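One-letter residues, chain by chain:
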Amino acid sequence: MAPPPRRLLLVLLGFLAAASLATLAAAVYEDQVGLADWHQKYIGKVKQAVYHTQKSGRRRVVVLTEENVIASLDLRSGDIFWRHVIEKNNPIDQLSLSAGKYVVTLSSGGSILRAWNLPDGQMIWETNIQTSTSSKSLLHVLSNSKVVKDNLVLVLAGQWIYAVSSIDGVISWGKEFTLDGLEIKQVVQSPENDIVYVVGIAGSSKLAVYQLNAKTGEIVKDAQESLPDGLCGEILLGSSNVLVALDETRSALFIVEFKGESISYNKVQISEFVQDFSGTVKLLPLMSNGIIALQSSSTVSLLKLKGMDGLEVIHSFDQPASVSDALTITEKYEAFAVVQHVGSQIEFIVKVTSDLTNEIIREKVDIDQHRGSVHKVFLNNYVRTDKSHGFRALVVMEDHSILLIQQGAVVWSREDGLASIVDVMASELPVEKDGVSVADVEHNLFEWLKGHVLKLKGTLMLASVDELAAIQALRVRSSEKNKMTRDHNGFRKLLIVLTKAGKVVALHTGDGRIIWSNLLPSLRASKSGEMPSALRIYQWQVPHHRVMRENPSILVVGRSGASSVAPGVLCVLDSYSGEELNSRSFDHSVAQIIPLTLKDSSEQRLHLIVDSNSNAHLYPRSLDALNSFISEMSNQYFYSVDIQKNAIRGYSLQKSCDFNSDDTYCFSTKLLWSIIFPSDAERISVSEARKMNEVVHTQAKIIADQDVMYKYLSKNLIFVATVSPNAAGEIGSAAPEEASLVAYLIDAVSGRILHRVTHHGAQGPVHAVVSENWVVYHYFNLRAHRFEIAVIEIYDQSRADNKDVLKLILGKHNLSAPMTSYSRPEVMVKSQSYFFTHSVKAMAVTQTAKGITSKQLLIGTIGDQVLALDKRFLDPRRSLNPTQQEKEEGIIPLTDSLPIIPQSYVTHTLQVEALRGIVSIPAKLESTTLVFTYGVDLFYTRLAPSRTYDSLTDEFSYALLLITIVALVAALFVTWIWSEKKELRDKWR
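The rules behind the values
Residues numbered from 1 in each chain as written. Predicted model: local features only at pLDDT ≥ 70, side-chain atom pairs only at ≥ 80, totals over all residues. Heavy atoms only, no water. Helix = DSSP H or I, 4+ residues; strand = E, 2+ residues; numbered from the N terminus. Buried < 20%, exposed > 50% of the residue type's maximum accessible area, 1.4 Å probe, protein only. Contact = heavy atoms within 4.5 Å. UniProt positions renumbered as here; feature names shortened; annotations may be inferred. Phe/Tyr/Trp six-rings, centres within 6.5 Å; stacked < 30°, edge-to-face > 60°. Salt bridge = Lys/Arg side-chain N within 4 Å of Asp/Glu carboxyl O. Disulfide = S-S within 2.5 Å. Pairing = 2+ DSSP bridges. Axes fitted to C-alpha atoms, helices over the stretch in contact; angles between N-to-C directions. Patch = residues over 30% accessible without salt bridge, like charges linked within 9 Å, V, L, I, M, F, W, Y side chains within 5 Å. Areas by Shrake-Rupley, 256 points an atom, 1.4 Å probe, with all protein chains shown as cover. Polar contact = N/O pair within 3.5 Å; in protein donor to acceptor, adjacent residues only side chain to side chain. Arc of directions from axis to C-beta. Core = buried A, V, L, I, M, F, W, Y, C linked by side-chain atoms within 4.5 Å. pLDDT = per-residue confidence, 0-100.

Things to note about the overall build of the protein chain
Stage number 1. If you tally the helices and strands in the protein chain, you get seven helices and 65 strands.
Stage number 2. By the burial criterion, 51% of the 989 residues in the protein chain qualify as buried.
Stage number 3. Restricting to contacts in the protein chain with at least 6 residues of sequence separation, those with at least 24 account for 51%.

What about the UniProt feature "transmembrane region" (unreviewed entry) in the protein chain?
Stage number 1. Per the UniProt record, the feature "transmembrane region" (unreviewed entry) sits at residues 956-979.
Stage number 2. Taken end to end, residues 956-979 is 92% helix and 0% strand, and its two terminal C-alpha atoms sit 35 Å from one another.

A look at the environment of serine 674
Stage number 1. Within the fold, serine 674 resides in strand β49 (residues 669-676).
Stage number 2. As a C-alpha pair, serine 674 and glycine 650 span 24 residues in sequence and 6.2 Å in three-dimensional space.
Stage number 3. For serine 674, the contacting residues outside a window of four places in its chain are Ile648 and Arg649.

A closer look at the packing of aromatic side chains
Stage number 1. Tallying each qualifying case throughout the model produces 14 aromatic pairs.
Stage number 2. Judged by centre distance (4.4 Å) and plane angle (35°), the ring pair of phenylalanine 177 and tyrosine 210 falls under tilted. With a gap of 33 residues between them, phenylalanine 177 in the loop between β13 (171-176) and β14 (182-189) and tyrosine 210 in strand β16 (residues 206-213) connect regions that are remote in the sequence.
Stage number 3. Judged by its relative accessible area of 5%, tyrosine 210 falls in the buried class.
Stage number 4. An angle of 75° between the planes, with centres 5.0 Å apart, marks the rings of phenylalanine 780 and phenylalanine 787 as edge-to-face. For the pair formed by phenylalanine 780 and phenylalanine 787, the shared burial category is buried.
Stage number 5. Counting every residue linked through ring pairs, the aromatic cluster contains Trp38, Phe932, Tyr934 and Tyr940.

Considerations on the pattern of salt bridges
Stage number 1. Across all of its chains, the model carries 26 salt bridges by this definition.
Stage number 2. Note that lysine 701 and glutamate 793 form a salt bridge whose closest N and O atoms lie 3.8 Å from each other. With a gap of 92 residues between them, lysine 701 in strand β51 (residues 700-702) and glutamate 793 in strand β58 (residues 786-796) connect regions that are remote in the sequence. For the pair lysine 701 and glutamate 793, a shared accessibility class is recorded, and that class is buried.
Stage number 3. Aspartate 986 is paired through a salt bridge with lysine 982; the nearest N and O atoms lie 3.2 Å apart. Within this pair, aspartate 986 and its partner lysine 982 are both found in helix α7 (residues 958-988), separated by four residues, close to a single helical turn.
Stage number 4. Since its relative accessible area comes to 35%, aspartate 986 is described here as partly exposed.
Stage number 5. Residue classification places lysine 982 among the partly exposed positions, given a relative accessible area of 41%.
Stage number 6. Linked by salt bridges that have partners in common, Glu347, Lys351, Glu359 and Arg362 make up one network.

A few points about the state of the cysteines
Stage number 1. Inspection of every chain in the model, using the stated rule, returns one disulfide.
Stage number 2. With a sulfur-sulfur separation of 1.5 Å, cysteine 657 is cross-linked through a disulfide to cysteine 666. Taking the sign of the S-S torsion, -80° for the link of cysteine 657 and cysteine 666, the bridge is left-handed. The same class applies to cysteine 657 as to cysteine 666, namely buried.

Looking at the sheet that holds strand β2 (residues 46-52)
Stage number 1. Ordered by their spatial adjacency, four strands build an open sheet running β2-β3-β4-β5, and the pairing between neighbours is antiparallel. Only two strands of the sheet have a single partner each, and these edge strands are β2 and β5 (80-85). If you compare each strand with its neighbour and ignore which way they point, the axes differ by 15° on average.

Observations regarding a nonpolar patch on the surface
Stage number 1. Together, Leu952, Tyr958, Leu961, Ile965 and Val969 line one region of the surface with nonpolar side chains, adding up to about 470 Å² of accessible area.
Stage number 2. In this structure, tyrosine 958 sits in helix α7.
Stage number 3. Since its relative accessible area comes to 41%, tyrosine 958 is described here as partly exposed.

Quick look at the side chain of aspartate 600
Stage number 1. Residue placement: aspartate 600 occurs in the loop between β43 (592-599) and β44 (605-610).
Stage number 2. One polar contact links the side chain of aspartate 600 to the main-chain amide nitrogen of glutamine 604, over a distance of 2.8 Å.
Stage number 3. Discounting chain neighbours no more than four positions away, the residues touching aspartate 600 are Leu606, Pro620, Ser622, Asp624, Ala625 and Ser628.

Some thoughts on the sheet that holds strand β7 (residues 102-107)
Stage number 1. What the four strands build is an open sheet, ordered β6-β7-β8-β9; its pairing is antiparallel. Taken across any chain shown, the strands that pair with only one partner, and hence form the sheet edges, are β6 (92-98) and β9 (123-128). The sheet shows a mean angle of 15° between the axes of neighbouring strands, taken without regard to direction.
Stage number 2. Examined bridge by bridge, β7 and strand β8 (residues 112-117) share six bridges and lie antiparallel to one another. In the strand pairing of β8, valine 104 is matched with alanine 115.

Notes on the pairing of strand β55 (residues 753-760)
Stage number 1. Sheet analysis places strand β54 (residues 740-747) next to β55, joined by seven bridges and oriented antiparallel. Considered in β55, the bridge of leucine 745 is made with histidine 755.
Stage number 2. A loop of five residues connects β54 with β55, the two strands running antiparallel in sequence, and glycine 751 in this loop sits at a positive phi of about 80°.

Some details on helix α4 (residues 623-632)
Stage number 1. Listed as buried for α4 are Ala625, Leu626, Ser628 and Phe629. In a view along the axis of α4, the buried residues occupy a sector of 165°, so they form one face of it. Residues of α4 that are exposed and angled more than 90 degrees away from the buried face: Leu623 and Ser631.

Structural notes on the side chain of threonine 846
Stage number 1. If you trace the backbone, threonine 846 turns up in the loop between β60 (840-845) and β61 (856-861).
Stage number 2. From its side chain, threonine 846 meets the backbone nitrogen of glutamine 856 in a polar contact 3.0 Å long.
Stage number 3. Apart from residues no more than four positions distant in its own chain, threonine 846 is found in contact with Ser854, Lys855, Gln856, Leu858, Ser920, Thr929, Leu943 and Pro945.

Some thoughts on the nonpolar core
Most often, soluble globular proteins keep nonpolar side chains buried together rather than apart.
Stage number 1. Among the nonpolar cores identified, the biggest contains 37 residues, and Val63, Leu394, Phe932 and Leu938 are the most heavily contacted of them.
Stage number 2. Leave out the neighbours within four places in its chain, and valine 63 touches Ile43, Val46, Gln48, Ala49, Val69, Ile70, Ala71, Leu73, Leu95 and Leu394.

Comments concerning unusual backbone geometry
Stage number 1. Cis geometry is found at the peptide bond from tyrosine 619 to proline 620, where omega equals 5°.
Stage number 2. Tracing the backbone shows proline 620 in the loop between β45 (616-619) and α4.
Stage number 3. Of note in the backbone geometry, histidine 785 takes a positive phi value of approximately 55° without being a glycine.
Stage number 4. Here histidine 785 shows up in the loop between β57 (774-781) and β58.
Stage number 5. Given a relative accessible area of 62%, histidine 785 falls into the exposed group.
Stage number 6. A positive phi is found at alanine 914, a non-glycine position, where the angle reads about 55°.
Stage number 7. Mapped onto the elements, alanine 914 comes out in the loop between α6 (884-889) and β63 (917-922).

Quick word on the environment of valine 757
Stage number 1. Note on placement: valine 757 falls in strand β55.
Stage number 2. The partly exposed category is assigned to valine 757, whose relative accessible area is 21%.
Stage number 3. Between the C-alpha atoms of valine 757 and alanine 721, which are 36 residues apart in sequence, the distance is 9.7 Å.
Stage number 4. Setting aside chain neighbours within four positions, we find valine 757 in contact with Leu741, Val742, Ala743, Tyr777 and Ile792.

Observations concerning the confidence of the model for the protein chain
Stage number 1. On average, residues of the protein chain score 84 in pLDDT, and 87% of them reach the 70 mark or higher.
Stage number 2. A low-confidence stretch, residues 435-442 stays under pLDDT 50, and its non-local contacts, those more than four residues away or across chains, total one contact.

Regarding the environment of glutamine 340
Stage number 1. In this fold, glutamine 340 is placed in strand β28 (residues 334-342).
Stage number 2. Judged by its relative accessible area of 11%, glutamine 340 falls in the buried class.
Stage number 3. Between the C-alpha atom of glutamine 340 and that of valine 374, which follows or precedes it by 34 residues, the distance is 6.9 Å.
Stage number 4. Non-local contacts of glutamine 340, meaning those with residues more than four positions away in its chain, are made with Phe317, Asp318, Pro320, Ala321, Gln345, Ile346, Glu347 and Ile349.

Quick look at the structure:
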């Protein structure tokens, strides 16, 4: 039996250990939400907006965006009440409000009409409509008091017009127009009766006007007229019986008057009444009281219709400017808004259509200059307390952000350009400067002690409600995740994203806040109306050694137009501030961008930009970079995948361009090999290669019987998947006998096919990821009616003799022997396929600093969540009954399907709507990787595939550890005293 002091010591140690374990076990629960991850919701660039500002219910604006999102936003804060992200294969054409309580949307070329409940966004009904063609569709809600009780919605598509009840979605009537090739362009409701005017174009020059009874669909009158020149399709109703149409060359306007069954017209040249007319012209949808708006490359002109005689310019606004639709204020007058740039501000002007000289509002509003120009404006009015009318406007900017302007100020803004990210990269934050004041040290020490005392009270369940709230706030504040300097674990970084609008945005990984943003001038729309396109973003310079004092920089590459042969543009930005350091316009196109591993003396990374003529251009254009490249040019190879021509080609580089020998930075290419797939049998579906920055810890893999297998780690390995032409469509478009998928492993230098496998009865879409010596790809099995994931691992047999320890000691191994792609490699391939539950949108693999940590596949599922799947489940060596040695190695028994563990979802219960991409970024801590997922939403988190084996958690209680040590020391001292007294008593006996 243990002496009483020793027994007391064991009880004390047991109590302290249990308390410590309890503290550690509580470190992964509810109070940690938001500490290591964040989620941001967006909607995209707004293309249509309707207001709901009735006294009953919340004031809101319902918007339709280019990302195919319907959303209801709070007018006071811009927060999302509700939203629906619709699949891209079901594009929404228009939206409107009906009966004050329904949001009606028309999609899929006029074939699907839906009604949503305005307060909560629940779908009320859906109606499928038969249309003859997939032409542009129109949606019109009848508002005349004589027919509004029927709550009818007009749907126009091709040659058809339907009237649908907005209450239950029942089709009241439908009418097909018999005129061949008719395409309906405009529908207008008469304010005086239940007549609806329908305007359409047959061919390119025949104009047709129909008058229909809105209740029955009966044609009351119709008139047709062939115009001498073609029409471009833009038509507006200038007054009750006069149309204004833009001709095919966009240089003249037709003024068309229809009376009864006759049509008369007059053609006027735009140059006659618009000075300095140039560029592309389009009609804006403003139409009221004979006022129309005409936009050219330099001005926005307000025109007054003078009957059939012509048009006169009432007012002109210099571009960039935007004009809203006419808004009915009272029965007597309507208003519209013009928003234009004036210096560093935007000017918000509201005019009345009946008197353009009268301005109701003219306000100047300060905005961020990195938002670009105004693209669209949606006007709304409200009644002030003094019964006068006030106005607010929802403004859509060039960078796809939206602002609500009211009373000369920006009420709220949303950075919805982040819903259209095209590329992502990570950049380090600045190093923390040395030197801290004594006051700061004392303050931080006091805060540290105070925090740990509060945490200790929380651990011992002695904290009050206020103290618990203070503990949670302290955890968020003291986590240091939001500091603007690097941390020793590498968790704090900048996520630099490139958006579709050509804007570069830096997000802090701590909380997702925007550190800086820059709408690049070279990627903004030109005056001719040509829209540039942003392509990729790369690391340009990471300072080391001699240039350590310089900030790192990034490279943005784009095109000056939407065409693939448009000249390219290049911009260099400071990673810390977003300041544009340099920009350059190319005289060549951008077909492919190849970042090289080479750097010049200033640590700038070399890049090759390949144009459409297969010539390679070196950047940066400096003599130092040129010398570095020429010395290694013989070892530079690249390949291109031409999906249109169904071919893959490999190239080497030669010294000068054939067409421009004076340009020393231009290099011609030499075709080394090509693989052309027969188009009647195979179509390229996807191609993938290893990431250049991937780190591999070891080439050797020890298997169960203590044997060694060497991974085939060539960075020239590319994976290509082809599908049969019949299986290139949607799932189920081909029979199993007609469908097949072929997977290739190809050497990019020699063009040699290292491995080929055919999956009969398989169909795309195919998603794949390549890492180390393995490839994982996802497809659909038509025979089993299930999705599958297949894995291929490739091993280097030429190094199989390196298992002899004696050869290693004597130096006769070939581990350091040079490898060349021109020698035929001896490879061994292992493969396996498994059933998988979900359809996949994106795939990635975790990356860590040293490549030691186990790999996990990051799978973006059809449910817009990210699943982390351990690579061990995709080991091709899995068997039904693994041996004891294989179990010790970690091989899992074979099953026909891969498990879906709910706890493996990286996004927890959150969804990243319209998920498009997953990026894994290594942290300095080997156990941890940073995961960023983007789509319409953004999600960021930290992931430890093998758990955090190399660090303590953020919630580890140092105070409790200190108390434990003190208690142990005190207990040892007390027991020592007791032991001495006991020995003294024993000696006196």
